[in-house]
Number of protein chains: 2
Amino acid sequence: MATAPTSKPTRPRRDKQAEAAEGVDIGTLDDSVGYHLRRAQLAVFDDFIRTLSPVDLRPAQFSVLTVIEHNPGLSQVQVCDALGIQRTNFVPLLDELEERGLARRERGQDRRSYALYLTDAGHDLMKRARRAYAGHERRINEMIGADGYDQIIRLLVKLADLHR
Amino acid sequence: MATAPTSKPTRPRRDKQAEAAEGVDIGTLDDSVGYHLRRAQLAVFDDFIRTLSPVDLRPAQFSVLTVIEHNPGLSQVQVCDALGIQRTNFVPLLDELEERGLARRERGQDRRSYALYLTDAGHDLMKRARRAYAGHERRINEMIGADGYDQIIRLLVKLADLHR
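Residues numbered from 1 in each chain as written. Chains lettered and ligands numbered in written order. Predicted model: local features only at pLDDT ≥ 70, side-chain atom pairs only at ≥ 80, totals over all residues. Heavy atoms only, no water.

Visitor: Give me the interface of chain B and chain A: which residues, what numbers.
Guide: With 75 residues of chain B in contact, the opposing surface of chain A contributes 75 residues. Between chain B and chain A, roughly 7,300 Å² of surface is buried when both sides are summed, and carbon and sulfur atoms account for 66% of that area. Among the residues chain B hides against chain A, the three largest losses belong to Met143, Leu162 and His163 of chain B. Together they make up 8% of the total. The interface formed by chain B and chain A holds zero salt bridges in total. For the interface between chain B and chain A, the tally reads 10 residue pairs in polar contact (both at pLDDT 80 or more). When contributions to the side of chain B that touches chain A are tallied by element, the ones reaching two or more residues are helix H1 (16-20), helix H2 (33-51), helix H3 (59-70), helix H4 (76-83) and helix H6 (120-159) of chain B. Counting residues per element, the side of chain B that touches chain A draws most heavily on H6 of chain B, at 22 residues. (Contact = heavy atoms within 4.5 Å. Buried area = accessible area lost by both parts, 1.4 Å probe. Salt bridge = Lys/Arg side-chain N within 4 Å of Asp/Glu carboxyl O. Polar contact = N/O pair within 3.5 Å; in protein donor to acceptor, adjacent residues only side chain to side chain. Helix = DSSP H or I, 4+ residues; strand = E, 2+ residues; numbered from the N terminus.)

Visitor: Can you tell me about the side chain of glutamine 76 of chain A, naming the residues and giving the values?
Guide: Turning to its location among the elements, glutamine 76 of chain A is positioned in helix H4 (residues 76-83). Glutamine 76 of chain A gets classed as buried once you look at its relative accessible area, which sits at 18%. (Buried < 20%, exposed > 50% of the residue type's maximum accessible area, 1.4 Å probe, protein only.)

Visitor: Tell me about the relation of the copies chain B and chain A, and please be specific about residues and values.
Guide: One copy of the chain maps onto the second through a rotation around an axis plus a translation along that axis. Each copy of the sequence occupies a distinct position, and chain B is placed on chain A by a rotation of 180° and an axial shift of 0.0 Å, giving an RMSD of 0.0 Å. Read as a symmetry element, the transformation amounts to a two-fold axis. In terms of proximity to the rotation axis, the leading residue of chain B is isoleucine 152 of chain B, whose C-alpha is 3.1 Å off the axis. Same-surface contact between copies: 100% of interface residues of chain B are shared with the interface of chain A. (Least-squares fit on C-alpha atoms with pLDDT ≥ 70 in both.)

Visitor: Explain the packing of aromatic side chains residue by residue, including any values.
Guide: What the rule picks out here adds up to six aromatic pairs over all chains. Judged by centre distance (4.8 Å) and plane angle (25°), the ring pair of phenylalanine 62 of chain B and tyrosine 133 of chain B falls under stacked. In this pair, phenylalanine 62 of chain B is assigned in helix H3 and tyrosine 133 of chain B in helix H6, connecting sequence segments 71 residues apart. Across the pair, tyrosine 133 of chain B and phenylalanine 62 of chain B agree in class, each one buried. Among the aromatic residues, ring-to-ring pairing joins Phe48, Phe62 and Tyr133 of chain A into one connected group. (Phe/Tyr/Trp six-rings, centres within 6.5 Å; stacked < 30°, edge-to-face > 60°.)

Visitor: Would you mind going over the sheet that holds strand E2 (residues 103-107) of chain A in detail, with residue names and values included?
Guide: Residues and elements named next belong to chain A. Read from one edge to the other, the open sheet built from three strands follows the order E1-E3-E2, with strand pairing classed as antiparallel. Lying at the two open borders of the sheet, with one neighbouring strand each, are strand E1 (74-75) and E2. As paired elements, E1 and strand E3 (residues 114-118) share two bridges and run antiparallel to each other. Considered in E3, the bridge of serine 75 is made with alanine 115. (Pairing = 2+ DSSP bridges.)

Visitor: Let's hear about the pattern of salt bridges: which residues, and what values?
Guide: Residues and elements named next belong to chain B. If you walk through the whole model with that rule in mind, you get 18 salt bridges over all chains. When the shortest N-O distance is used, the salt bridge between aspartate 81 and arginine 87 registers 3.1 Å. Residue classification places aspartate 81 among the partly exposed positions, given a relative accessible area of 34%. Under the relative-accessibility criterion, arginine 87 is labelled partly exposed at 47%.

Visitor: I'd like a description of the pairing of E3 of chain A, backed by residues and values.
Guide: Pairing of E2 of chain A with E3 of chain A, which is carried by five bridges, proceeds in the antiparallel orientation. Of the residues in E3 of chain A, the one forming a bridge with alanine 103 of chain A is leucine 118 of chain A.

Visitor: With reference to specific residues and values, describe the layout of surface pockets.
Guide: Over the atoms rolls a probe the size of a water molecule, and in doing so it shows where empty space is left. Volume-wise, the largest pocket comes out at about 1,000 Å³. Forming the boundary of the largest pocket are 36 residues, of which Arg38, Arg39 and Leu42 of chain A together with Leu83 and Gly84 of chain B lie nearest the centre. Put simply, the parts of the chain that give the lining of the largest pocket at least two residues each are helix H2 (33-51) of chain A together with H2, H3, helix H5 (87-99) and H6 of chain B. If you add up the space inside the second largest pocket, you get close to 770 Å³. In terms of lining residues, the second largest pocket is bounded by 28 residues, among which Leu83, Gly84 and Ile85 of chain A together with Arg38 and Leu42 of chain B are the most central. Sorting the residues of the lining of the second largest pocket by element identifies H2, helix H3 (59-70), helix H5 (87-99) and helix H6 (120-159) of chain A together with H2 of chain B as the ones contributing at least two each. The element contributing the most residues to the lining of the second largest pocket is H2 of chain B, with six residues. Considering only residue class, the lining of the second largest pocket consists of 15 nonpolar, nine polar and four charged. (1 Å grid on protein atoms, 1.4 Å probe; cavity = no way out; pocket = protein on both sides within 12 Å on 5 of 7 lines; lining within 4 Å. Points joined across faces, edges and corners; volume = space filled by probe spheres on them. Nonpolar A, V, L, I, M, F, W, Y, C, P; charged D, E, K, R; others polar.)

Visitor: How would you sum up the confidence of the model for chain A? Please name residues and give values.
Guide: All names here are of chain A. Per-residue pLDDT for chain A has a mean of 86; in total, 85% of the residues score no lower than 70. Considering only residues more than four positions removed or in separate chains, one finds that residues 1-20, a stretch of pLDDT under 50, has 45 contacts. Across the assembled chains, the prediction reports ipTM 0.83 with pTM 0.82. (pLDDT = per-residue confidence, 0-100.)

So this is what it looks like as structure tokens:
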């Protein structure tokens, strides 16, 4: 703990699961933003996946469909850049959405790029997805309150700028 | 946006990379805690991995070594439970730490479980790792301030309790 500039040895342990694990001491991890980010992300994604299971959309698929819906005709590269998705991961993801009849590629003007659109089925699914998604956001809001909600998004956006 | 109870359509876009991606509208994602959690987690892990590259430790390896260091003799099951690691993912991770001579398994009293310890080389590496890690935490502190640091950990711990 002594080497971490932000460590506060007197602060009580905050990680309930670690406490539950038979008094295991997680040491400096209790003060680690990265450690707590990962645990929160797993819990939030788990809730998201359960909530969206009726429409069978994973978080990355939901993000891609949301961006295409808001920006019809966008190129694959633009979607990847906007979401920070690796291009090698994007192709199979989009293939699956196309196979399910939710999105379609259309040859672009320069014939080397594709413009992306939702199909009618894609628009319909996203309407259902947004209704389910509202429940997910509501549960998060209940956990941390409206102020906490604004606070955490503000702080997360700052952290995402690390190394840019 | 209309379906999300926490949406604030008048709030300016906060995601700088999305803005940079040629005015792409990320829609409801801008109000999504999950979306911003994931982006922040990737940025923080990226910084962690760069910082810890001299000692060649990934975040999960650092977490496991930290917990074993603070709790010598802990069983594999206890380490997994404390860190929320899947047991199938833990075995290859521990194998690698053992092959590198950083940790060792010792047959437990009931002969079915292993007690885990750091080797002397493991203790030495963790000393170096903690010095590097202090720089990582300092950079995060500079991004969000000491108050932001306490706030975000408090909020992340709450979110990690979703679905428990």
